[in-house]
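Per-entry structural report
Here's the letter readout for the chains.
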Amino acid sequence: MLALSMVACSSVKPAETKESASSSPATVQNTAAPSKAPVKIKYATYRVGTHVSAAAEKKILDEFKKKYNGEIELQVEEIPGDQAYVDKIKVLAASKDLPDVVEGKNGLNDLLIKGNLATPLNEYLEADTAWKAEVGNDAINSNTRDGKVWSIANGAQLIGYFYNKELFEKAGVKPAATWDEFLTNLEKIKTTTGTAPIAMMTGENAWTTNLLLGAIVGTSGDAGNKFMNTPFSKNFETPEFIEGLKKIQTILQKYTTKDALGAGYANAANNFLQGKAAIIANGPWMISDFSDKTKALEGFDKKVGVAMYPNSGMFSSFEVGYMLTAKDKETKEAAIKLLKFLTDAHAQQINLELSSTMPLTVNVKPSDEFKQKNPLFMANVELGGQAKNKFANLDALNFANVTEAWKTLYPELNFNKATAEEIAKRLSNTAEKNK
């Protein structure tokens, strides 16, 4: 109003206005409300570059910046590679210089909780019932420990395995009903097609290899299924787990690519996308890669089928999700807005449509257009409804130091430097170090 008044006066009495303005600067300064600087929050992400969720992540973060422009200044650090992200967060945790929102994947959740570096989210969920409903009780309970909610997922995991229909047909096989049949199929694929039967990796967090191991254990009976639904086990010396390791040993030695040992996820994915391997264990977020001409063979998406694991098994769980690691009150208030923005129904819809990520509740539904364009995703959903044995993945269940151990243990298993029983014992010893 003061500014408008000065403009109006200047059109009538320019000399007076100039004198008045210059003679009482204090009056102008005292009546103008001081502008508040935006709160700065830090966020790191590995969903960049060629990552399957890069487009969804960019859209969500761009919308956040637009909505909170002038109120929150979001500083994003891009860290290409899942394992590079995990390694960087571990370094920052040691120096207590974490970003304000951190994804608790690959054991980071447990690490940050034990280090007293995260804030429970209970009060924020109770204060925002709409957000709580969008996340859903199942997802909340999955990341609750001793009554405290430590993280919020941005998606669910419903994971079987993908296979090259062309190579399966050439080998005269179909998705196996039992693990004995699965191993027989691998032998047939190897001998009839000259292609590696399955894409594996033992580097990073051994993701694709551990999916196969988890599926073997999780479908082995009640005891194995219970093991694959129980977090933070300290005893791996069970008959089911040892038998699973023995099968993995056989597969590593006879049925995977030559570069599997020490390989990262990118290597395993590339081998499948380029038709160098007939099978890969992975989730539906990979589906968009099948039609990406920069990653896959021309027309590759038409060659891919999806199957549940032998003995009617599927991984069905929630991602570990995001943790609030901001320190002071003002930063926490801004950071929780980002955490909500990454996990609410709108974000789930974006992740579903752009990266084929399963939403947290049935309230977020794929559009008819999405269903028509993504029959493989819908087939995966259908298999999830049929599966009799469901379980979580080892990344979500294990302590951080156990997840870290796989990269050194699998090569020893492959080269017969350690037996399955010895590997299981070393895993137990590693887990026992956690108090």
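Scroll up a little and you will see the structure.
Conventions used here
- Position numbers for residues start from 1 in each chain and track the written sequence from start to end.
- Confidence filtering applies because this is a predicted model: local features only for residues at pLDDT of at least 70, side-chain atom pairs given and counted only at 80 or more, and all residues used for totals across whole chains, interfaces and linings.
- As a rule here, side-chain values cover all heavy atoms of the structure and leave hydrogens and water aside.
- In this text, helices come from DSSP runs of H or I with a minimum length of four residues, and strands from runs of E with a minimum of two, each type numbered from the N-terminal end.
- Each residue's exposure class comes from its accessible area (1.4 Å probe, protein chains only) as a fraction of the maximum for that residue type: buried when under 20%, exposed when over 50%, partly exposed otherwise.
- Should any heavy atoms of two residues lie within 4.5 Å, those residues are counted as being in contact.
- Per-residue and other accessible areas were derived by the Shrake-Rupley procedure at a 1.4 Å probe size, with only the shown protein chains allowed to occlude residues.
- This count recognises Lys and Arg as positive and Asp and Glu as negative, with His and chain-terminal groups excluded.
- Lys charges are placed at NZ, Arg charges at CZ, Asp charges at CG and Glu charges at CD.
- Here the axes come from fitting lines to C-alpha atoms, over the contacting stretch only for helices, and the angles between their N-to-C directions go from 0 to 180 degrees.
- Orientation is classified from the angle alone, with under 35 degrees giving roughly parallel, over 145 giving roughly antiparallel, 65 to 115 giving roughly perpendicular, and any other angle giving oblique.
- Any residue that is not Ala, Val, Leu, Ile, Met, Phe, Trp, Tyr, Cys, Pro, Asp, Glu, Lys or Arg is counted as polar, Gly included; the first ten are nonpolar and the last four charged.
- One speaks of a salt bridge when a side-chain nitrogen belonging to Lys or Arg is within 4 Å of a carboxyl oxygen belonging to Asp or Glu.
- If you view the pair so one helix is near and one far, a crossing is left-handed when the near helix is turned anticlockwise from the far one by less than a right angle, and right-handed when it is turned clockwise.
- The pairing test for Phe, Tyr and Trp rings, Trp by its six-membered ring, is centres within 6.5 Å, and the orientation test on the planes gives stacked under 30 degrees, edge-to-face over 60, and tilted for anything in between.
- One less than the residue count of a helix, multiplied by 1.5 Å, gives the span that helix is expected to have.
- As used here, the arc belongs to the directions running from the helix axis to the C-beta atoms.
- For two strands to pair, DSSP has to find at least two bridges joining them.
- Throughout, nonpolar core names a set of buried Ala, Val, Leu, Ile, Met, Phe, Trp, Tyr and Cys residues whose side chains join them through atoms within 4.5 Å.

Digging into the overall build of the protein
Along the backbone of the protein there are 23 helices and 12 strands. The C-alpha extent of the protein, read off along each of the three principal axes, is 95 × 50 × 35 Å. Going through the 435 residues of the protein one by one, you find that 53% of them count as buried. Expressed as a percentage of contacts within the protein between residues at least 6 apart in sequence, the contacts between residues at least 24 apart total 75%. Summed over all atoms, the accessible surface of the protein reaches about 20,100 Å², with 53% contributed by carbon and sulfur. Measuring between centres, the 51 positive side-chain charges of the protein sit 2 Å from its 51 negative side-chain charges.

Structural notes on the packing of helix α17 (residues 329-343) against helix α18 (residues 345-355)
Orientation of α17 relative to α18, taken along the N-to-C sense of each, is 45 degrees, at an axis distance of 5 Å. Between α17 and α18, the interaxial angle falls into the category oblique. For the pair α17 and α18, the contacting residues are Phe341, Leu342 and Thr343 in the first and Ala345, Ala347 and Gln348 in the second. The residue makeup of the contact of α17 with α18, split by class, is 4 nonpolar, 2 polar and no charged.

Considering the pattern of salt bridges
Following the criterion strictly, the structure yields 21 salt bridges and no others. A salt bridge links Lys59 to Glu63; its shortest N-O distance comes to 3.2 Å. Taken together, the residues Lys59 and Glu63, both in helix α4 (residues 54-67) and 4 residues apart, mark about one turn of the helix. Relative accessible area serves as the criterion here: at 38%, Lys59 is assigned to the partly exposed category.

A short note on the packing of helix α14 (residues 239-254) against helix α23 (residues 420-432)
Closest axis-to-axis distance for the α14/α23 pair is 9 Å, and the angle between their directions is 125 degrees. Regarding the angle of α14 to α23, the classification is oblique. In the packing of α14 onto α23, the handedness of the crossing is right-handed. Taking contact as the criterion, the partners of Phe241, Ile242, Leu245 and Lys246 in α14 are, on α23, Ala420, Glu421, Ile423, Ala424 and Leu427. A per-class count over the contact of α14 with α23 returns 7 nonpolar, no polar and 2 charged.

Some words on the packing of aromatic side chains
A complete count under the given rule lists 23 aromatic pairs for this structure. Considering the side-chain rings of Trp406 and Tyr410, the 5.0 Å spacing of their centres and the 25 degrees angle between planes classify their relative orientation as stacked. One end of the pair is Trp406 and the other is Tyr410, both in helix α22 (residues 400-414) and 4 residues apart, which spans about a single turn. The same class applies to Trp406 and to Tyr410, which are both buried. Grouping aromatic residues by their ring pairs yields a cluster made of Tyr161, Tyr163, Phe168, Trp179, Phe182, Tyr309, Phe315 and Phe391.

Focus: α4
When the terminal C-alpha atoms of α4 are compared, their 20 Å separation across 14 residues agrees well with the 20 Å that a helix rising 1.5 Å per residue should span. Within the span of α4, buried status applies to Ala54, Ala56, Glu57, Ile60, Leu61 and Phe64. The arc enclosing the buried residues of α4, seen along the axis, measures out at 165 degrees, which places them on a common side. Seen from the buried face of α4, the exposed residues on the opposite side, beyond 90 degrees, are Lys58 and Lys66. Contacts from the buried residues of α4 go to β1 (39-45), β2 (72-78), β11 (322-324), α17 and α18.

What about the environment of Phe415?
For Phe415, the location among the structural elements is in the loop between α22 and α23. Placed 138 residues apart in sequence, Phe415 and Ala277 show a C-alpha to C-alpha distance of 22 Å.

A closer look at the pairing of strand β9 (residues 304-307)
What you see with β9 is no split at all: Val304 and Val306 on one side and Gly305 and Ala307 on the other are buried throughout. Sheet analysis places strand β6 (residues 156-164) next to β9, joined by 4 bridges and oriented antiparallel. Residue pairing for β9: Asn164 is matched across the bridge by Val304.

Concerning the nonpolar core
Judged by nonpolar contacts, the single largest core of 122 residues is most densely connected at Phe162, Phe182, Leu212, Phe241, Phe290, Tyr309 and Trp406. Ignoring anything within four residues of it in the chain, the contact list for Leu212 reads Trp179, Phe182, Ile198, Met200, Ile248, Ile251 and Tyr309. The next biggest cluster of nonpolar side chains, apart from the first, holds 17 residues, and it includes Tyr85, Val102, Leu108 and Trp150.

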